[in-house]
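Summary of structural features
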Amino acid sequence: MLLLTAVLLAACGHHVESSPPPPPAASADPGALVEAHTARVSRDGPYRDPTDHERAQARDAVRLLLDRPDDGAALGAAFGALGYTAAEGADPATGRPYRMFSMSPTEEPAWGILLVDRSAPPSVVIEVPHPGFDTNTDKLGVAVQRLVPGAVLLVAGAHRAAAGGAADVAHNSASAFHVLATAFAERGLPQVQLHGFADKNLPEAQVVVSTGAGAPTRLARDLATGLEQDAGMVVCRAWDQRCGRLEGTENDQGKAAAALGAQFIHLELGWVIRRDPQQRAAVARTLAGLLG
């Protein structure tokens, strides 16, 4: 009942100040849990970076997830040592099994959520670094994750302004988010990182597709073409054009991926796209068609 109440309050736009809910039940809707998490993120909320020991634990936990994705007991112990709560079940939207590792956004260390589709080996990481700031990127992340078997959704645990800006994980290489993302990149998993911008900041385009610090890739080119031709969106290609300083070249996860030779997409979406469920669905379908 507490979990249901939190989800309903979040859906109505109310900030939930009560103590963290109990661990989610196996039958819980992971999309609703992600939305409830985002609704509780606050610029005044807590955040801290991991210690060196915790960073090593996080890297080991990701390696275990990639090597033994079905070993729920071992994974629960590995992520539990970092403070994550483990849950698993069947996603009611897809019928596919999932495993989730989550933390409360109202208590330190506030490192967010890792949601894994278990119907296939881990294949791609969808990243939401600014929940509660880049509005509806969490909803888009869930939509893409549900369309791609084996997709991993990584959602930051704090508002980007929390802890004096230290929680801006896209620009903090000491963050747990960065450690987890980089551990996936070390094993060759491509990353798609979702961001948002105000329409007035780039009125001539609705979407910016970039590869961050890396060279343009076929995936990035195909995504830009697909969003234009299939979804009818106006796209700025960061490798060919100036895109209002939305190119993501200083993104820390992008820099790490480039150094490792892993694919990284920095996807900026205007509010005109993020506010519209049909437009978000079109972006999700285009991404899934390329990633799946």
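Everything that follows concerns the structure shown earlier in this document.
The notes below deal with the structure included here.

So, about the nonpolar core. Of all hydrophobic cores here, the largest spans 39 residues; its most connected members are Val207, Val209, Leu227, Leu267, Val283 and Leu291. By residue number, the principal contributor to this core is helix α10 (residues 277–291), which donates six residues. When sequence neighbours within four positions are dropped, the list of residues in contact with valine 207 reads Phe197, Leu227, Met233, Val234, Val235, Cys236, Leu267, Glu268, Leu269 and Ile273. If you look at the next biggest cluster of nonpolar residues, it comprises 34 residues, including Leu154, Ala156, Ala158 and Leu189.

In total, this model carries two aromatic pairs according to the counting rule given. When the centroid spacing of 5.8 Å and the interplanar angle of 85° are considered together, the rings of phenylalanine 79 and tyrosine 84 count as edge-to-face. By the burial criterion, phenylalanine 79 is buried, and tyrosine 84 matches it. Summarising the aromatic geometry, the rings of phenylalanine 79 and phenylalanine 101 are spaced 4.2 Å apart at their centres and angled 20° between planes, so their arrangement reads as stacked. Taken together, the residues span a long stretch of sequence, with phenylalanine 79 in helix α4 (residues 72–80) and phenylalanine 101 in strand β2 (residues 97–102) at a distance of 22 residues. The two residues phenylalanine 79 and phenylalanine 101 agree in class, both being buried. One aromatic cluster in this structure is built from Phe79, Tyr84 and Phe101. If you follow arginine 160 out to its NZ or CZ, it ends over the ring of phenylalanine 133, 4.9 Å from the centre.

So, about the sheet that holds β2. Strands sit in the order β1-β2-β3-β5-β4-β6-β9-β7-β8 across an open sheet of nine strands; the sheet is mixed. Here the strands that pair on one side only, and so sit at the sheet edges, are β1 (85–90) and β8 (235–237). Between one strand axis and the next, the sheet turns by 20° as a mean value, whatever way the strands run. Pairing geometry for strand β7 (residues 207–210) and β8, over three bridges, is parallel. Pairing of valine 207 across the sheet is with valine 235, part of β8. With respect to the sheet, α4 is in contact with β1, β2 and β3 (113–117), its orientation differing from that of β2 by roughly 20°.

Rules behind the numbers
- Residues numbered from 1 in each chain as written.
- Predicted model: local features only at pLDDT ≥ 70, side-chain atom pairs only at ≥ 80, totals over all residues.
- Heavy atoms only, no water.
- Core = buried A, V, L, I, M, F, W, Y, C linked by side-chain atoms within 4.5 Å.
- Buried < 20%, exposed > 50% of the residue type's maximum accessible area, 1.4 Å probe, protein only.
- Helix = DSSP H or I, 4+ residues; strand = E, 2+ residues; numbered from the N terminus.
- Contact = heavy atoms within 4.5 Å.
- Phe/Tyr/Trp six-rings, centres within 6.5 Å; stacked < 30°, edge-to-face > 60°.
- Lys NZ or Arg CZ within 6 Å of the ring centre and 35° of its normal.
- Pairing = 2+ DSSP bridges.
- Axes fitted to C-alpha atoms, helices over the stretch in contact; angles between N-to-C directions.

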